[in-house]
Amino acid sequence: MQDEIFGPLLPIKTYKTFEEAIAYINSKPRPLAAYYFGKDKAEEKRFLTGTTSGGACINDVMFHMLQKDLPFGGIGPSGMGAYHGIEGFKTFSHAKAVYRQTKKFNVAKLAGLLPPYGDTTEKSIRSQIKQ
């Protein structure tokens, strides 16, 4: 956990209080993306306003960067600028993109990209493989 990770690896860091987690995030270089999982709206707001990252994703991972109308890009060591749509023009504003997976229509679940994995997952993966 010395550099950004661009691969299928998810380090897990434990904490005793939510404020300890915020302090840990803020003690490190600003990340390209930050992810919050939870149902507590006050805690979610504290996470979004109390940390700085290129983007944020609520109760999901990766789908925020696929949204063409949300800015995507880093701050500081993780890259400069935000790209996609009008946000390319606002690249130095460092707007924080937030994607929240809807509870009613979860595309990732329909595509088999969330556990439990099964036939739908295999079909989704096979459709992406060029033969």
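Look a little higher up for the structure.
Now for a quick tour of the structure. Just so you know, these numbers come straight off a predicted model, no measurement behind them.

Think of an α-helix as turning once every 3.6 residues; residues three or four places apart then point the same way. Those residues of helix α2 (residues 41–50) that sit buried are Glu44, Phe47, Leu48 and Gly50. Here the buried face of α2 lies against α1 (18–26), β1 (33–36), β2 (55–58) and β3 (97–100). Between the side-chain oxygen of the N-cap and the backbone nitrogen of Ala42 there are 3.0 Å, and the N-cap of α2 in question is Asp40.

Attention now moves to the nonpolar core. In terms of nonpolar packing, the biggest core is built from eight residues, these being Phe18, Ile22, Ala34, Tyr36, Phe47, Leu48, Ala56 and Ile58. Those elements that place two or more of their residues in this core are α1, β1, α2 and β2. The residues contacting Ala56, other than those within four sequence positions of it, are Ala34, Leu48, His64, Lys96, Ala97, Val98 and Tyr99.

The rules we used
Residues numbered from 1 in each chain as written. Predicted model: local features only at pLDDT ≥ 70, side-chain atom pairs only at ≥ 80, totals over all residues. Heavy atoms only, no water. Buried < 20%, exposed > 50% of the residue type's maximum accessible area, 1.4 Å probe, protein only. Helix = DSSP H or I, 4+ residues; strand = E, 2+ residues; numbered from the N terminus. Contact = heavy atoms within 4.5 Å. Polar contact = N/O pair within 3.5 Å; in protein donor to acceptor, adjacent residues only side chain to side chain. Core = buried A, V, L, I, M, F, W, Y, C linked by side-chain atoms within 4.5 Å.

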